[in-house]
Amino acid sequence: MSTPVITVEHGAVGYDGRPVLQDVSLTVTAGEVVAVLGANGSGKSTLIRAILGLVPLGAGSITLFDRPLRQFRQWQRIGYVPQRLGAGGGVPATVREVVASGRLARRGILRPPGAADRVAVDAALHAVGLADRATDPVSTLSGGQQQRTLIARALAGQPELLILDEPTAGVDAASQEAFAGALRDFVADGGTVLLVAHELGPLRPVISRAVVVHQGGICHDGPVPDPAGHHAEPDHDHVHPHGPDEPAGLWSN
Amino acid sequence: MELFQYPYMQRALIGALVIGLAAPALGIYLVQRRLTLIGDGIGHVALTGVGAGLLLNRSPVLVAVLVATAGAIAIELVRARGRTSGDLALALLFYGGIAGGVLLVGLSDATSANLNAYLFGSLLSTSTADLVTVGVLGAAILITMIALRPALFAISHDEEYARVSGLPVRTLNLLIAVTTAVTVTIAMRAVGVLLISALMVVPVATAQQVTRGFRSTMTAAMALGFFAAGSGVWVAANADTPPGASVVLLAIASFLVVAVAGAIWRGLRRRAVPASMTAAEPHEVVLD
């Protein structure tokens, strides 16, 4: 029996009174790779933002690692990859500096970085194939390389759960392959993944289950739908048995 | 150089150098979060504190620290709520601050020369007690901004990611706001409330034209701020110019020099590298 990592029960989210998600229930167990699919504006990004506590839940409950979201403090167990790197005010930052931010959840804000932090940052840069760009400003990288920088930042924290928001949107083929490889390694080491995607591309073989969000509700929870259909049929209600029974071990301390 | 044998000139110089180092160390975070003009706004609010201090016969600098801190916290709370009305709320606070300052100074026995010293800085007004305040608070700002750099970089670079990392985002934001207020008020005597923002921002703008990373930008900006403050006070003392204006104009002059030199250097390099080489470089693509 796998342990649930994320549990959403009857979750609802609204922006300014306009409902975006209604009565959404979802469970992700350890070792699964779950893709949240859906059209633009379906609410799929809102779902993961709610799970991360970035948008408040209007109703229902969310549990992370057996803790209610409100009481959850072990953020080092989660690696978050946003859709893109914010432009900010234009102060340059090297790839390494951005990736090193991923260590803060584990290290805390007062302790200066040590040898363990350097090793983890090196390993993360290596995993996404950016070790040779470590001292370059992130603004000189391509969109795909910037996306890989953000994945390395999440990996540097050595999380048990990766949550990714459209990691492959507008990303070149080489970066998509590098990303799929990094994700495979992460899962092979016992990691759990929840990712939002518009299309899966080279990620498809890695995904163990797909959840389709349609008009603020979940209309499919099961095997990855055929890409030919673009999205799953709304009446498809097959529930897939849960993913492999691997303990989340190697990425945790 | 003889001028610097006078203790008041030494005090002015040391005070300016401390501010020259501390202001860009804070300013880099403000630039990164696109809050470049916040120092200016808090300066307006600090002026009300100066007026209140003069009226109540208390130390204008200390009252200004309190009032500016309160204003900075109010601004941060408005910013964090992210409402569109935030822009208007800031405008109200800024203009209320400067109008309140001018009104209170007018009610007190202070002269307009007194007000000018706070608006644009004055070399002669730095007392030993002021210098101690500037030294202690300046050192505190420097230590905080450097020691917390990874965390402050993270919240300035990607606030949502910092929140998901479990960082105390609200506390760190308030820390930056309060530090801004303290920096503005201690710099009042040297460069004046209306020009202090320049010393936070211009050295960063100069440095980031040639640097590649955040840490190197911060170091270079602090060096530039130190240089601008030192040479500005020297020019002011020798040419009898207002110190704040001299410091800021020197900082802007170095920005222009670096901008022009950078453009020329890039132009030369482009000509030196054959066209086939640039085409083969794979990593210069910037999407988005």
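Residues numbered from 1 in each chain as written. Chains lettered and ligands numbered in written order. Predicted model: local features only at pLDDT ≥ 70, side-chain atom pairs only at ≥ 80, totals over all residues.

*Asks:* Any details on the interface of chain A and chain B? Residues and values, ideally.
*Replies:* If you look at the interface, chain A gives 33 residues, while chain B gives 33 residues. Going through the elements one at a time, strand E6 (78-81), helix H2 (95-100) and helix H3 (104-107) of chain A are the ones with two or more residues in the side of chain A that touches chain B. If you tally residues by element for the side of chain A that touches chain B, the top one is H2 of chain A, at three residues. Its residues assigned to classes, the side of chain A that touches chain B shows 17 nonpolar, twelve polar and four charged. (Contact = placed C-beta atoms within 7 Å. Helix = DSSP H or I, 4+ residues; strand = E, 2+ residues; numbered from the N terminus. Nonpolar A, V, L, I, M, F, W, Y, C, P; charged D, E, K, R; others polar.)

*Asks:* Please provide a residue-by-residue account of the sheet that holds strand E8 (residues 192-197) of chain A, values included.
*Replies:* All names here are of chain A. The strand order E6-E7-E8-E3-E9-E10 describes an open sheet built from six strands, whose pairing is mixed. Of all strands in the sheet, those bounded by a partner on one side alone are E6 and strand E10 (217-222). The mean inter-strand angle of the sheet, taken between neighbouring strand axes irrespective of direction, is 15 degrees. Of the strand pairs in this sheet, strand E3 (residues 33-37) and E8 are connected by five bridges, and their pairing is parallel. Bridge pairing in E8 places Leu37 opposite Ala197. Those strands touched by helix H5 (residues 143-156) are E6 and strand E7 (161-165), and its axis lies near 170 degrees from that of E6. (Pairing = 2+ DSSP bridges. Axes fitted to C-alpha atoms, helices over the stretch in contact; angles between N-to-C directions.)

*Asks:* So what's going on with the packing of helix H10 (residues 196-207) of chain B against helix H12 (residues 243-272) of chain B? Which residues, and what values?
*Replies:* Residues and elements named next belong to chain B. At a minimum axis distance of 9 Å, the contact between H10 and H12 shows a crossing angle of 15 degrees. For the element pair H10 / H12, the angle class is roughly parallel. Relative to H12, H10 is oriented so that their crossing is left-handed. Of the residues in H12, those touching H10 at Ala198, Leu199, Val202, Pro203, Ala205 and Thr206 are Val247, Val248, Ala251, Ile252, Ser254, Phe255 and Val258. (Parallel < 35°, antiparallel > 145°, perpendicular 65-115°, else oblique. Left-handed = near helix turned anticlockwise from the far one by under 90°.)

*Asks:* Outline helix H2 (residues 38-56) of chain B, listing residues and values.
*Replies:* All names here are of chain B. With 19 residues, H2 should reach 27 Å at 1.5 Å per residue; the first-to-last C-alpha distance of 27 Å fits that figure. With respect to burial, H2 is a largely interior element, 16 of its 19 residues being buried. Directly beyond the C-terminal end of H2, a positive phi value near 60 degrees is found at Asn57. (Expected span 1.5 Å × (residues − 1). Buried ≥ 20, exposed ≤ 12 C-beta atoms within 10 Å, placed from the backbone.)

*Asks:* Before we move on, can you summarise the packing of H5 of chain A against helix H6 (residues 173-188) of chain A with the specific residues and values?
*Replies:* All names here are of chain A. One way to put it is that H5 packs onto H6 with a least axis distance of 9 Å and a crossing angle of 15 degrees. By the angle between their axes, H5 is roughly parallel relative to H6. Considering only the axes of H5 and H6, their crossing is left-handed. Judged by residue contacts, Gly144, Gln145, Gln147, Arg148, Ile151 and Leu155 of H5 engage Ala174, Ser175, Ala178, Phe179, Ala182 and Phe186 from H6.

*Asks:* Which residues make up the sheet that holds strand E1 (residues 4-15) of chain A, and what values go with them?
*Replies:* Residues and elements named next belong to chain A. In spatial order, the strands read E2-E1-E4-E5; together these four strands make up an open sheet with antiparallel pairing. On the outer flanks of this sheet lie strand E2 (18-29) and strand E5 (67-68), each paired with one strand and no other. As judged from the eight bridges shared by E1 and E2, these two strands associate in the antiparallel manner. Note on E2: the bridge partner recorded for Gly11 is Val24.

*Asks:* Could you give me a rundown of the nonpolar core, with the residues and numbers involved?
*Replies:* What tends to happen in soluble globular proteins is that the nonpolar side chains get buried as a cluster. Formed by 166 residues in total, the largest nonpolar core has its most connected members in Val36 of chain A together with Ile19, Ala46 and Leu199 of chain B. Sort the elements by how many residues they give to this core and helix H1 (residues 7-32) of chain B lands first, with 14 residues. Here Val36 of chain A is in contact with Lys44, Leu47, Ile48, Leu194, Leu195, Val196, Val211 and Val213 of chain A, once residues within four sequence places are set aside. (Core = buried A, V, L, I, M, F, W, Y, C linked by C-beta atoms within 7 Å.)

*Asks:* Explain unusual backbone geometry residue by residue, including any values.
*Replies:* Residues and elements named next belong to chain A. Despite not being glycine, Asp23 has its phi angle at roughly 45 degrees, a positive value. Within the secondary structure layout, Asp23 lies in strand E2. We note that Gln215 has phi near 50 degrees; this positive angle belongs to a residue other than glycine. Tracing the sequence through the fold places Gln215 in the loop between strand E9 (209-214) and E10. Look at Gln215 and you get partly exposed, because 15 C-beta atoms sit within 10 Å.

*Asks:* Quick rundown of the pairing of E9 of chain A? Include the residues and the values.
*Replies:* All names here are of chain A. The pairing of E3 with E9 spans four bridges and is classified as parallel. When the sheet's bridge partners are listed, Ala35 is paired in E9 with Ala210. Across five bridges, the pairing between E9 and E10 is antiparallel. Bridge assignment links Val213 to a residue of E10, and that residue is Ile218. Counting the residues in the hairpin turn of E9 and E10 gives two residues, including Gln215, whose phi is positive at 50 degrees.

Nothing here speaks to function; it is geometry throughout.
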